[in-house]
Amino acid sequence: MNIKWAMAIDLDRCTGCGACVVACVAENNIPVVGEAEVEKGRLMQWLRVARYWEGEYPEAQAVYLPVPCMQCERAPCETVCPVYATYHNEDGLNAMVYNRCVGTRYCANNCPYSVRVFNWFDHKWEKPLDEQLSPDLTTRSRGVMEKCTFCIQRIRRAKETAEEEGREIRDGEAVPACVQTCPPGALLFGNMADPHSEITRKLKDPRRFRLMEHLGTEPRVVYLKRQKGAGR
Amino acid sequence: MNGSDHLARTDPGALYRELSRSNLPTTKKWYLGVALLSLVVLWGVGCFIYMMKTGMGVTGLNRPVMWGVFIASFVFWIGLSHSGTLISAILRLTNATWRAPILRGAEAMTAFALMVGGLFPLLHIGRNWRFYYMIPYPNSRQLWPNLRSPLMWDAVAINTYLLGSLTFLYFGMIPDLAIARDHATGWRKKFYSALALGFRGTHNEWRRYHVASTIFAILIIPVAVSVHSIVGWDFAMAKVPGWHSTIFAPYFVTGAIFSGIAGVVIVMATLRKVFRLERVLTVVQFENLGKLLCTMSLLWGYFYFADFLTVWYNRNPEEWEVFRSYAADYLPLFLVMIGCNFVVSFPLLCMRRVRRSIPALSVVSLMIVIGMYAERIMIVVPSLARRNDPFIWHNYFPSWVEFSILAGALALFLLLYTIFAKFFPIMAINDIQERLFQTTDRKIGGVTVESIGMPHDTGKGGHG
């Protein structure tokens, strides 16, 4: 079966709780860099919940926008990498080969969503925190770019299980950590090439829009617009 | 011009002794200078090793400002390198004979500025020890560099330019190395003999030399233009507001030549003072360089005006935020840039008195070099600091490690230049001799034959 992974983010449901970020950090061995480094703009999180304010106090209202890697169809980061460290894989994902990366950081400059993070230092986990690291991930040394992969290790596992059992991958079988965790269920992940999948249905929602669509990057992450009105 | 001393003035031996004073006895001062420069270079290298071992986090870089002063310096040094090509190639083709005394110095500057500039991308990358991934070498995994990336275009263009300008520098030096061989003793004689490739100055050799140097001059111009266009495209190809602009390539070439000429003025004023070359490096050369600077300043101002006007009128919010930061966080840098490159320097350069005063012109040139450095930072940093998503906006200030490496790079350039001046003829003896021949009246028997070129000609008189 043809696979085109996509994610839908329902802004009506997002409460800005940040559970997705925590799940992502835990799943993907993302280093916690500490307050001082965060102040310098060196947060390593692959997913950020951007917060904007609408209106003036006391009418001000927070708007939350979870921003993972958009997995663009026409990814600007891919063309500028001089060594093909970032490329398009067979599922249409924007993949990253850490061990090929030389760290020119051009991809991060060329990403209009600024979702790529750089390893400014080598990161270590103190004992016993190193016990929590997932063995399914490639380690990243200093000087290497990294970013959201849609939890490619989970996708691989689901695909391998399906292959072992000699069947197609089922809808909802591959779920990134953020999607699995989201308490209000604002995130949805699936194969948009499958006409019967939930994501395909969701992508028909008239509220749909894509971030900075005018740039022509064709993101695979689709947002569902917040609706204004009573109870919201 | 007094005709009686024409033979003495154009005697190669005498000229060699006068023009290559730098090659002759090595003074204590020279050793002291080299030692001092080497120390600064070593400090820079030490800081680089520290950065490599610890991680790029020791710089002031962050997200979204992933490129900082290293990239600005890269653009700056590559820009400085455009001087030599302009002076030896473009002025050669336009027959400007006044360029003879500044020829070699400018060409050497091209080569060394390129070497220093070319180091910066390697210093800047996160895993410097894996830089060879960018070289198309055969490997078992059959991985090749990505030629769609402007960085690869850069690597190709800069290597071509470096090889081209080194060849240009060496080729132009062959007749002078022959003169040096004829007048040197000891190990220097052997050294120059090997380098002069047996040049004897026969008619045939000169004819070939002239044909080849014209071909070189024509070939190097497109290379020079392409190099800085591609450096401009490193930015213009990106989806970054403030970078993504069609004006960048021609504008970068202009800026490069602008800073390059300013660099040549500083280098020439220094050489003139240090090696007492007042007789050959006259006010004529400086005034002409001053006129070129004046033109380039005007052109630079025009490019900026055009770029600002379109963004200001259009008010595309993404670009407008970048421009607004010029008036806020980056105002000091912006004022240095605009002031040094145009507002202050242009009126000064319009004054004949300034152009004809070597100290004044040197000060203006220094100002332009500083202004152009500020301009490169202005290109690299604010555009990144005000990316599309306001949530991640962040400013950048370089750390002591970056400053140390920049100082090391400057010292490396000066060191390379000092060593070059010690071992090679820093003045183009043959070209100067040719010019002296043309501008000196000659006595043949009892008759004085007037010179065919005027002492202050700017390329219109004589055969060039």
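Residues numbered from 1 in each chain as written. Chains lettered and ligands numbered in written order. Predicted model: local features only at pLDDT ≥ 70, side-chain atom pairs only at ≥ 80, totals over all residues. Heavy atoms only, no water.

## What about the overall build of chain A?
So, step 1. Along its length, chain A carries 7 helices and 10 strands.
So, step 2. Against the globule reference of 17 Å for 232 residues, chain A gives a C-alpha radius of gyration of 18 Å, in line with a compact fold.
So, step 3. For chain A, the C-alpha atoms occupy an extent of roughly 50 × 50 × 40 Å along the three principal directions.
So, step 4. Expressed as a percentage of its 232 residues, the buried residues of chain A come to 54%.
So, step 5. If you sum the accessible surface of chain A, you get close to 11,100 Å²; carbon and sulfur atoms cover 50% of it.
So, step 6. Side chains of chain A give 32 positive and 31 negative charges; the mean places of these two sets differ by 4 Å. (Helix = DSSP H or I, 4+ residues; strand = E, 2+ residues; numbered from the N terminus. Rg over C-alpha atoms; globule rule 2.2 N^0.38 Å. Buried < 20%, exposed > 50% of the residue type's maximum accessible area, 1.4 Å probe, protein only. Areas by Shrake-Rupley, 256 points an atom, 1.4 Å probe, with all protein chains shown as cover. Lys, Arg positive; Asp, Glu negative; His and termini not counted. Charge placed at Lys NZ, Arg CZ, Asp CG, Glu CD.)

## Regarding the pairing of strand β3 (residues 61-67) of chain A
All names here are of chain A.
So, step 1. With 5 of 7 residues buried, β3 is to be regarded as a mostly interior element.
So, step 2. Examined bridge by bridge, strand β2 (residues 48-54) and β3 share 7 bridges and lie antiparallel to one another. Each bridged residue has a counterpart across the sheet, and for Tyr 52 the counterpart in β3 is Val 63.
So, step 3. Where β2 folds back onto β3 in an antiparallel hairpin, the turn is made up of 6 residues, including Gly 55, whose phi is positive at roughly 80°. (Pairing = 2+ DSSP bridges.)

## Here's the deal with helix α11 (residues 283-314) of chain B
So, step 1. An ideal rise of 1.5 Å per residue puts 46 Å on 32 residues; α11 of chain B measures up with 46 Å between its terminal C-alpha atoms.
So, step 2. Immediately beyond the C-terminal end of α11 of chain B, within one or two residues, lies Arg 315 of chain B, with a positive phi of roughly 55°. (Expected span 1.5 Å × (residues − 1).)

## Considerations on the pattern of salt bridges
Residue and element names in this part refer to chain A.
So, step 1. Applying the stated criterion across every chain yields a total of 28 salt bridges over all chains.
So, step 2. Lys 40 is paired through a salt bridge with Glu 37; the nearest N and O atoms lie 3.3 Å apart.
So, step 3. A relative accessible area of 41% means that Lys 40 is categorised as partly exposed.
So, step 4. A residue is classified by how much of its surface remains accessible, and Glu 37, at 13% relative accessible area, is buried.
So, step 5. One network of salt bridges, with partners in common, ties together Asp 10, Asp 12, Asp 205 and Arg 207. (Salt bridge = Lys/Arg side-chain N within 4 Å of Asp/Glu carboxyl O.)

## Focus: the sheet that holds strand β9 (residues 208-209) of chain A
So, step 1. Spatially, β8-β1-β10-β9 (chain A) is the arrangement adopted by the 4 strands of the open sheet, whose pairing is mixed. Both edges of this open sheet fall to β8 (187-191) and β9 of chain A, since each of them pairs with a single strand only.

## Observations concerning the state of the cysteines
Residues and elements named next belong to chain A.
So, step 1. Scanning the entire structure with this criterion turns up 0 disulfides over all chains.
So, step 2. Unpaired in terms of disulfides, Cys 17 finds its nearest cysteine sulfur in Cys 182, a separation of 6.2 Å.
So, step 3. Lacking any disulfide linkage, Cys 111 is separated from the closest cysteine sulfur, that of Cys 77, by 6.4 Å. (Disulfide = S-S within 2.5 Å.)

## So, helix α18 (residues 429-439) of chain B
So, step 1. With 9 of its 11 residues buried, α18 of chain B lies for the most part within the structure.
So, step 2. Those residues of α18 of chain B not exposed but buried are Ile 429, Asn 430, Asp 431, Ile 432, Gln 433, Arg 435, Leu 436, Gln 438 and Thr 439 of chain B.

## Overview of the packing of helix α4 (residues 69-80) of chain B against helix α17 (residues 400-423) of chain B
Residue and element names in this part refer to chain B.
So, step 1. Closest axis-to-axis distance for the α4/α17 pair is 10 Å, and the angle between their directions is 20°. Compared by their axis directions, α4 and α17 come out roughly parallel. Here α4 and α17 pass one another in a crossing that is right-handed. Within the contact between the two elements, α4 uses Val 69, Phe 70, Ser 73 and Trp 77 and α17 uses Glu 402, Ile 405, Leu 406, Ala 409, Leu 410 and Phe 413.
So, step 2. Of the residues contributing to the contact of α4 with α17, the split by class is 8 nonpolar, 1 polar and 1 charged. (Axes fitted to C-alpha atoms, helices over the stretch in contact; angles between N-to-C directions. Parallel < 35°, antiparallel > 145°, perpendicular 65-115°, else oblique. Left-handed = near helix turned anticlockwise from the far one by under 90°. Contact = heavy atoms within 4.5 Å. Nonpolar A, V, L, I, M, F, W, Y, C, P; charged D, E, K, R; others polar.)

## A few points about the interface of chain A and chain B
So, step 1. Across the contact, 49 residues belong to chain A and 49 residues belong to chain B.
So, step 2. Between chain A and chain B lies a buried interface of about 4,000 Å² when both sides are counted; carbon and sulfur atoms form 52% of it.
So, step 3. Of the charged contacts in the structure, one is a salt bridge between Arg 48 of chain A and Asp 389 of chain B, with a shortest N-O distance of 2.7 Å.
So, step 4. For the pair chain A and chain B, the number of links is 35 residue pairs in polar contact (both at pLDDT 80 or more).
So, step 5. Mapped onto the side of chain A that touches chain B, the elements with two or more residues apiece are β2, α3 (76-80), α4 (106-110) and β6 (117-118) of chain A.
So, step 6. With 5 residues, the single largest contributor to the side of chain A that touches chain B is β2 of chain A.
So, step 7. Residues belonging to the side of chain A that touches chain B are distributed by class as follows: 25 nonpolar, 13 polar and 11 charged. (Buried area = accessible area lost by both parts, 1.4 Å probe. Polar contact = N/O pair within 3.5 Å; in protein donor to acceptor, adjacent residues only side chain to side chain.)

## Focus on the packing of aromatic side chains
So, step 1. As enumerated under the stated definition, the model contains 48 aromatic pairs over all chains in all.
So, step 2. Ring geometry for Trp 300 of chain B versus Tyr 304 of chain B: centroids 4.5 Å apart, planes at 20°, classification stacked. A residue pair is termed a helical-turn pair when its members lie 3 or 4 positions apart in one helix, as Trp 300 of chain B and Tyr 304 of chain B do in helix α11 at 4 residues.
So, step 3. With relative accessibility at 1%, the residue Trp 300 of chain B sits in the buried group.
So, step 4. Using a relative accessible area of 10% as the deciding quantity, one classes Tyr 304 of chain B as buried.
So, step 5. Here the guanidinium or amino end of Arg 42 of chain A rests over the ring plane of Trp 120 of chain A, the centre of that ring lying 5.2 Å away. (Phe/Tyr/Trp six-rings, centres within 6.5 Å; stacked < 30°, edge-to-face > 60°. Lys NZ or Arg CZ within 6 Å of the ring centre and 35° of its normal.)

## Concerning the side chain of Arg 220 of chain A
All names here are of chain A.
So, step 1. For Arg 220, the position within the fold is in the loop between β9 and β10 (221-224).
So, step 2. A polar contact is formed between the side chain of Arg 220 and the backbone oxygen of Trp 5, at a distance of 3.1 Å.
So, step 3. Sequence-distant contacts of Arg 220, defined by excluding residues within four places in its chain, comprise Lys 4, Trp 5, Ala 6, Met 7, Met 70, Gln 71, Cys 72, Glu 73, Asp 91, Gly 92 and Met 192.

## Overview of the pairing of strand β1 (residues 5-10) of chain A
All names here are of chain A.
So, step 1. Most of β1 sits inside the fold, with 6 of its 6 residues counted as buried.
So, step 2. Of the two faces of β1, the one holding Trp 5, Met 7 and Ile 9 and the one holding Ala 6, Ala 8 and Asp 10 are both buried throughout.
So, step 3. Here 5 bridges tie β1 to β8, and the two strands are oriented antiparallel to one another. Each residue of the ladder has a partner; that of Ala 8, found in β8, is Leu 188.
So, step 4. As defined by bridge partners, β1 adjoins β10 across 4 bridges and the pair is classed as parallel. Paired with Ala 8 across the bridge in β10 is Val 222.

## A few points about the packing of helix α10 (residues 248-274) of chain B against helix α16 (residues 358-385) of chain B
Residues and elements named next belong to chain B.
So, step 1. For the pair α10 and α16, the least separation of the axes is 9 Å and the interaxial angle reads 145°. Considering how the two elements wind past one another, α10 and α16 form a crossing that is left-handed.
So, step 2. Class assignment of the residues belonging to the contact of α10 with α16 gives a composition of 16 nonpolar, 5 polar and 3 charged.

## Quick notes on the confidence of the model for chain B
All names here are of chain B.
So, step 1. Scored by pLDDT, chain B comes out at a mean of 88, with 93% of its residues at no less than 70.
So, step 2. Note on residues 455-464: pLDDT under 50 across the span, and 20 contacts to partners over four residues away in sequence or across chains.
So, step 3. Overall fold confidence for the complex sits at a pTM of 0.91, while the interface term, ipTM, reaches 0.91. (pLDDT = per-residue confidence, 0-100.)

## Things to note about the environment of Asp 205 of chain A
Residues and elements named next belong to chain A.
So, step 1. Looking at the secondary structure, you find Asp 205 in the loop between α7 (198-202) and β9.
So, step 2. What makes Asp 205 buried here is its relative accessible area of 19%.
So, step 3. Separated by 18 residues in sequence, Asp 205 and Tyr 223 place their C-alpha atoms 9.8 Å apart.
So, step 4. Only 2.8 Å separates the side chain of Asp 205 from the backbone nitrogen of Arg 207, close enough to count as a polar contact.

## Observations regarding the environment of Lys 239 of chain B
So, step 1. By the secondary structure assignment, Lys 239 of chain B is in the loop between α9 (203-236) and α10.
So, step 2. Along the chain, Lys 239 of chain B and Phe 391 of chain B lie 152 residues apart, while their C-alpha atoms are 18 Å from each other.
So, step 3. Excluding anything up to four places from it in sequence, Lys 239 of chain B contacts Pro 76, Asn 110, Pro 112, Leu 215 and Thr 217 of chain A together with Asn 388 of chain B.
So, step 4. Among the polar contacts listed, one links the side chain of Lys 239 of chain B to the backbone oxygen of Leu 215 of chain A, at a separation of 3.1 Å.

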